Number of protein chains: 2
Amino acid sequence: MKIEELIKQTKFVSPLQKAMLNLIYTYHWHVDQAAELFKPLGITMQQFNVLRILRGKYPEFVPVGDVKAVMLDKNPDLTRLCDRLQEKGWIERETNACNRRQVLLRIAKPGLELLEEMEPLLQQQAKKMDHLSDEEAELLSNLLDKLRG
Amino acid sequence: MKIEELIKQTKFVSPLQKAMLNLIYTYHWHVDQAAELFKPLGITMQQFNVLRILRGKYPEFVPVGDVKAVMLDKNPDLTRLCDRLQEKGWIERETNACNRRQVLLRIAKPGLELLEEMEPLLQQQAKKMDHLSDEEAELLSNLLDKLRG
DNA sequence: TAGAGATATTCGTTTAAACAAATGTTTTTT
DNA sequence: AAAAAACATTTGTTTAAACGAATATCTCTA
């Protein structure tokens, strides 16, 4: 369904404004879908995002600041997000001996297992979203890059 | 800057996953920008969104449910969002005499004036985002429509 | 014309987001 | 070497989001 119909608006200030409204709408559409998948597992999208980043570096430890730098949203409260991840046993946390200001993070075994479990669910969801060809998906990504300038 | 560099990730499960990560990143990028503009005015994006919808119907009154239906995010707590808009004097609220379950909303004069004030600021921000041509913006919007299926 | 069911919004409570200020640590300057 | 500045993260507090349950009203059916 086209964005005009979904938000019942036919006139837009510009094609760019229309695209931006569509971007916001599509983002929320995606979040709603993902939330359904994540909720029964007791994990939020942001938490999942952090675990994904840590898995990418495993078995290295990574400073909190480095994680923040590459997060999709620059969550200012990474401390308490990590508190929650640690309570669930999904990550390990320790201060860096070489630089005691830094706190180092590493994904723990149960965290890796959780991501493992989620993989088929994620792929299943991805399959439902097969409306774009690989070429179109690439094009979309490139347009988003260009949008940000 | 391309998404690969921004999130320091070179391998993606699929072009679609890359596009989705880019979508999420770009959304937050936009929200961060918009927040700077909105914050000094004491209004949030969601509140702005509601005012915009009400202006589109002015001088009609609109049921709360109708507003929710066309919102970009389906905020479940429109009641308290409207409380805040009313406290600031930006909207009027009254129960529908014909159907006393419904609450009707209308943007008030100060709300219209606020939107008026914001217009040049929004256009100014839009000008900074001139990296896409009209055709490319249309294409982006169409791809997002197609993504949702 | 009760009463069951559907609809539209609100309220209560728990939890997390936002923001500013503070803490502890390292580096740089004088 | 002491003081100032910069850095990395944490903490405190206010505010809003999330979610389910509740209220109030209307509609339809028996």
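Higher on the page you've got the structure.
No experiment lies behind these values; they were computed from the predicted model shown.

Calculation criteria
Residues numbered from 1 in each chain as written. Chains lettered and ligands numbered in written order. Predicted model: local features only at pLDDT ≥ 70, side-chain atom pairs only at ≥ 80, totals over all residues. Heavy atoms only, no water. Contact = heavy atoms within 4.5 Å. Buried area = accessible area lost by both parts, 1.4 Å probe. Salt bridge = Lys/Arg side-chain N within 4 Å of Asp/Glu carboxyl O. Helix = DSSP H or I, 4+ residues; strand = E, 2+ residues; numbered from the N terminus. Nonpolar A, V, L, I, M, F, W, Y, C, P; charged D, E, K, R; others polar. Expected span 1.5 Å × (residues − 1). Buried < 20%, exposed > 50% of the residue type's maximum accessible area, 1.4 Å probe, protein only. Arc of directions from axis to C-beta. Pairing = 2+ DSSP bridges. Near = heavy atom within 4 Å. Polar contact = N/O pair within 3.5 Å; in protein donor to acceptor, adjacent residues only side chain to side chain.

Description of the interface of chain B and chain A
Here comes step 1: Counting residues at the interface gives 49 residues for chain B and 49 residues for chain A.
Here comes step 2: For the pair chain B and chain A, the summed buried area comes to about 5400 Å², and 66% of that belongs to carbon and sulfur atoms.
Here comes step 3: Here chain B and chain A share six salt bridges between them.
Here comes step 4: A salt bridge links Lys146 of chain B to Glu136 of chain A, with the nearest nitrogen and oxygen atoms 2.6 Å apart.
Here comes step 5: The greatest single-element share of the side of chain B that touches chain A, amounting to 15 residues, is contributed by helix α2 (residues 15-38) of chain B.
Here comes step 6: By residue class, the composition of the side of chain B that touches chain A is 28 nonpolar, nine polar and 12 charged.

Regarding helix α2 (residues 15-38) of chain A
Here comes step 1: Under the 1.5 Å per step criterion, the end-to-end length of α2 of chain A is 34 Å for 24 residues, consistent within 8% with the ideal 34 Å.
Here comes step 2: Among the 24 residues in α2 of chain A, 19 count as buried, and that is most of the element.

Section: helix α5 (residues 78-87) of chain A
Residues and elements named next belong to chain A.
Here comes step 1: Three or more residues of α5 are buried, namely Leu78, Leu81, Cys82 and Leu85. Buried residues of α5, seen end-on, are gathered within an arc of 95° and therefore sit on one face of the element.
Here comes step 2: Turning to α5, the residues buried within the fold contact α3 (45-57), α4 (64-70), β2 (91-95) and β3 (103-107).
Here comes step 3: Just beyond α5, the residue with positive phi is Gly89, at close to 80°.

Some words on the sheet that holds β3 of chain A
Residues and elements named next belong to chain A.
Here comes step 1: Strand order in this open sheet of three strands is β1-β3-β2, and the pairing throughout is antiparallel. The two strands at the open ends of the sheet, each matched to only one other strand, are β1 (62-63) and β2.
Here comes step 2: Direction of pairing for β2 relative to β3: antiparallel, over a ladder of five bridges. Its bridge partner being in β3, Thr95 is matched across the sheet by Val103.

Quick word on unusual backbone geometry
All names here are of chain A.
Here comes step 1: The omega torsion across Tyr58 and Pro59 is 5°, close enough to zero to call that bond cis.
Here comes step 2: Take Pro59: it is sitting in the loop between α3 and β1.
Here comes step 3: You will see that Lys8, though not glycine, has its phi angle at about 45°, which is positive.
Here comes step 4: Residue placement: Lys8 occurs in the loop between α1 (3-6) and α2.

Observations regarding the protein's contact with DNA strand C
Here comes step 1: Taken together, 14 residues surround DNA strand C, and among them Arg100 and Arg101 of chain A together with Gly65, Thr79 and Arg80 of chain B come closest.
Here comes step 2: The protein-proximal atoms of DNA strand C, defined as those within 4 Å of the protein, are 67% sugar or phosphate.
Here comes step 3: Note that a base oxygen of DNA strand C is positioned 3.3 Å from one of the side-chain N or O atoms of Arg101 of chain B.
Here comes step 4: When contributions to the surface near DNA strand C are tallied by element, the ones reaching two or more residues are α5 of chain A together with α4 (64-70) and α5 (78-87) of chain B.
Here comes step 5: Among the residues making up the surface near DNA strand C, the classes are represented as three nonpolar, four polar and seven charged.

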